[in-house]
Amino acid sequence: MSKKALEGIKVIDLSRVIAGPNCTMILGDLGAEIIKIEKKGEGDISRGYEPFYKGESTYFMTYNRNKKSVTLDFRHEKAVEVLEKLIVNADVLVENFKAGTLEKMGLSPERLLELNPRIVITRISGFGQTGPYMNRACFDAVAQSLSGLMDITGEPKGNPVMVGTYVCDLMAGVYAAVGTLAALNSRNSTCKGQVVDVALLDAASAMTHSAILNYFMLGLVMERNGNQDRAAWPANFYTTRDGRMVFIHAGQDPAFANLCKILGREDLLENDEYKFLSNRKKHIDECDTLVRSWTMQNDLEFILETCEKSGLPCAPVNSIEEMIHNEQLISRQMIRDVEDDKFGTIKASGPVIKMSDTNPDVYRHAPRLGEDNLEVYMKELCITRVEYEELVSSGAI
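Residues numbered from 1 in each chain as written. Predicted model: local features only at pLDDT ≥ 70, side-chain atom pairs only at ≥ 80, totals over all residues. Heavy atoms only, no water.

**A few points about the overall build of the protein**
Right, so step 1: In terms of helices and strands, the protein carries 18 helices and 13 strands.
Right, so step 2: In terms of overall dimensions, the protein has C-alpha extents of about 85 × 50 × 40 Å along its principal axes.
Right, so step 3: In the protein, buried positions account for 45% of the 397 residues.
Right, so step 4: Long-range pairs, those at least 24 residues apart, make up 67% of the contacts in the protein between residues at least 6 apart in sequence.
Right, so step 5: Taken as a whole, the protein presents about 20600 Å² of accessible surface, with 54% of it coming from carbon and sulfur.
Right, so step 6: Mean positive and mean negative side-chain charge positions of the protein (45 and 56 charges, respectively) differ by 3 Å. (Helix = DSSP H or I, 4+ residues; strand = E, 2+ residues; numbered from the N terminus. Buried < 20%, exposed > 50% of the residue type's maximum accessible area, 1.4 Å probe, protein only. Contact = heavy atoms within 4.5 Å. Areas by Shrake-Rupley, 256 points an atom, 1.4 Å probe, with all protein chains shown as cover. Lys, Arg positive; Asp, Glu negative; His and termini not counted. Charge placed at Lys NZ, Arg CZ, Asp CG, Glu CD.)

Written as structure tokens, this is what we have:
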């Protein structure tokens, strides 16, 4: 087996729920050793989130593959001492507490860099480590709301709509992983660690497309646009004869020409009002009516086949049940078999990143709470079995 991309990188993971665990999962997929430190007796709070499969939270399982789990009672007098010993030999520490929590634990970045000058400290929080909101609590929906992301989602005359998954948490985790990798690369030349500071609100605002430039440079306020593409026309979702929804993008001029041939309306190409994208903006509703009248007369499969033959981007609105059977996702191993020592072979998602030599993989299932205590603590703390048992009996781990 070829060497993993991040083989030899050790990550201490203090995070929980989604943003931090998504970050460390990405690093774990790439081959880093992830030591997830969880609250003794309870663990990551997402272990308690429904739904459950034979007692295990699928919520937790989704973001915690490729990790080891150890427990530590942070209220115990020896907890910080144990954590510091783990940090001394680590490359990265990831946390997603509210800003200032590490400092209250006696583990400020200054202290961590004193213990280990090469450590990368990745901090994920709702509002970041600076600014007037830094001490506020934040959830994904709060970031969606404050960033304007929610306000530009939904139908023009309807209410703002939250994105259907925890998109701010997930993107903050991705940005944190990128920042961590950049800091590790910088360390190669400087031999110095540093702090990576990622906020959910920042990630959310970055997903509002060109809204910021539009406002300051053009005086335009981005508004809800329903399912209509914001830059090209026609490009929308349409109802089919058999009651399905299908997306068709014919906004670029060559694609629109192909659409006109499908519709038997080549005459529109003789009119510059329709032939060119810059003018079609004045006729969005008319273009949508033309496409909709065609889709309403045909079934989904015919529409998909016709558009594919003409090179038009086209896709059905899949349910989750349809998505998990998608041949492209299965081919790319995004829906794949994973071995679990408790459940046997299960179906789960796979790593998004694909690489030609050091390809990410699912090396192990999401860990049971504390299942790696003995291995990690004896190895990392260089203690005997007797000393390990003393830590256990004292209640520290």
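On we go.
**Re the sheet that holds strand β5 (residues 68-72)**
Right, so step 1: The parallel open sheet is built from 6 strands, whose spatial order is β5-β2-β1-β6-β7-β8. Two strands lie at the open edges of the sheet, namely β5 and β8 (195-199), each paired on one side alone. Between one strand axis and the next, the sheet turns through 20° on average, direction left out of account.
Right, so step 2: Pairing between strand β6 (residues 92-95) and strand β7 (residues 120-125): 4 bridges, direction parallel. By the bridge assignment for β7, Val94 is matched with Thr122.
Right, so step 3: Packed onto the sheet, helix α1 (residues 19-29) meets β1 (10-13), β2 (33-39), β6 and β7 and runs at close to 155° relative to β2.
Right, so step 4: Contacts from helix α17 (residues 373-381) reach β1, β2 and β5 within the one sheet, and its direction differs from that of β5 by about 75°. (Pairing = 2+ DSSP bridges. Axes fitted to C-alpha atoms, helices over the stretch in contact; angles between N-to-C directions.)

**Let's talk about unusual backbone geometry**
Right, so step 1: Cis geometry is found at the peptide bond from Glu50 to Pro51, where omega equals 0°.
Right, so step 2: With respect to the element layout, Pro51 can be found in the loop between β2 and β3 (52-53).
Right, so step 3: The peptide bond linking Trp233 to Pro234 adopts the cis configuration, its omega dihedral lying at -5°.
Right, so step 4: For Pro234, the position within the fold is in the loop between α9 (211-218) and β9 (235-239).
Right, so step 5: In this structure, Gln333 takes a positive phi of about 60° despite not being glycine.
Right, so step 6: Within the element layout of this structure, Gln333 appears in the loop between α16 (327-331) and β12 (335-340).
Right, so step 7: A positive phi is found at Cys382, a non-glycine position, where the angle reads about 55°.
Right, so step 8: Inspection of the secondary structure puts Cys382 in the loop between α17 and α18 (385-394).

**Focus: the pairing of β12**
Right, so step 1: Two strands pair when backbone bridges link them, and β12 and strand β13 (residues 344-349) are joined in this way by 6 bridges, in the antiparallel orientation. For Ile335, the partnering residue across the bridge sits in β13 and is Ser349.

**Things to note about the sheet that holds strand β10 (residues 245-249)**
Right, so step 1: In space, the 3 strands of this open sheet follow the order β9-β10-β11, with antiparallel pairing throughout. The open sheet has two free edges, formed respectively by β9 and β11 (314-316), since each of these has just one partner strand. Neighbour to neighbour, the strand axes of the sheet diverge by 20° on average, direction disregarded.
Right, so step 2: One ladder, built from 5 bridges, connects β9 with β10; its direction is antiparallel. Paired with Asn236 across the bridge in β10 is Ile248.

**Examining the nonpolar core**
Right, so step 1: Among the nonpolar cores identified, the biggest contains 31 residues, and Val11, Leu27 and Ile124 are the most heavily contacted of them.
Right, so step 2: Listed by contribution, the elements that provide at least two residues to this core are α1, β6, β7, α7 (167-190), β8 and α8 (200-206).
Right, so step 3: For this core, the element with the most residues is α7, which contributes 7 residues.
Right, so step 4: Setting aside chain neighbours within four positions, we find Leu27 in contact with Leu6, Val11, Ala32, Ile34, Ala177, Thr180 and Leu181. (Core = buried A, V, L, I, M, F, W, Y, C linked by side-chain atoms within 4.5 Å.)

**Describing the side chain of His249**
Right, so step 1: Relative to the helices and strands, His249 resides in strand β10.
Right, so step 2: Of the residues examined, His249 reaches a relative accessible area of 17% and is grouped as buried.
Right, so step 3: Within polar-contact distance, the side chain of His249 engages the backbone nitrogen of Gly251 at 3.2 Å.
Right, so step 4: Setting aside anything within four residues of it in sequence, one finds His249 in contact with Asp229, Ala232, Pro234, Ala235, Ala255, Leu312 and Pro313. (Polar contact = N/O pair within 3.5 Å; in protein donor to acceptor, adjacent residues only side chain to side chain.)

**Concerning a nonpolar patch on the surface**
Right, so step 1: Together, Ile212, Leu213, Tyr215, Phe216, Met217, Leu218, Leu220 and Val221 line one region of the surface with nonpolar side chains, adding up to about 940 Å² of accessible area.
Right, so step 2: In this structure, Val221 sits in the loop between α9 and β9. (Patch = residues over 30% accessible without salt bridge, like charges linked within 9 Å, V, L, I, M, F, W, Y side chains within 5 Å. Salt bridge = Lys/Arg side-chain N within 4 Å of Asp/Glu carboxyl O.)

**Re the state of the cysteines**
Right, so step 1: Scanning the entire structure with this criterion turns up 0 disulfides.
Right, so step 2: You can see Cys168 has no disulfide; the closest cysteine sulfur is in Cys138, sitting 7.9 Å from it.
Right, so step 3: No disulfide involves Cys314; its sulfur sits 3.9 Å from that of Cys307, the nearest cysteine. (Disulfide = S-S within 2.5 Å.)

**Quick word on the pairing of β7**
Right, so step 1: Of all 6 residues in β7, 6 are buried, a share of seventy percent or more.
Right, so step 2: Burial of the side chains of β7 extends over both faces: Val120, Thr122 and Ile124 are buried on one face and Ile121, Arg123 and Ser125 on the other.
Right, so step 3: Here β7 runs beside β8; their pairing, made up of 5 bridges, is parallel. Following the sheet pairing, Ser125 is matched in β8 by Ala199.

**Remarks on the packing of α17 against α18**
Right, so step 1: Put simply, α17 and α18 touch, their axes get as near as 10 Å, and they point 120° apart. Considering the angle they form, α17 stands oblique to α18. The two elements α17 and α18 cross, and the hand of that crossing is right-handed. Residue-level inspection shows Asn373, Leu374, Tyr377, Met378 and Leu381 of α17 in contact with α18, the latter providing Arg385, Tyr388 and Leu391.
Right, so step 2: When the residues that make up the contact of α17 with α18 are grouped by side-chain class, the tally is 6 nonpolar, 1 polar and 1 charged. (Parallel < 35°, antiparallel > 145°, perpendicular 65-115°, else oblique. Left-handed = near helix turned anticlockwise from the far one by under 90°. Nonpolar A, V, L, I, M, F, W, Y, C, P; charged D, E, K, R; others polar.)

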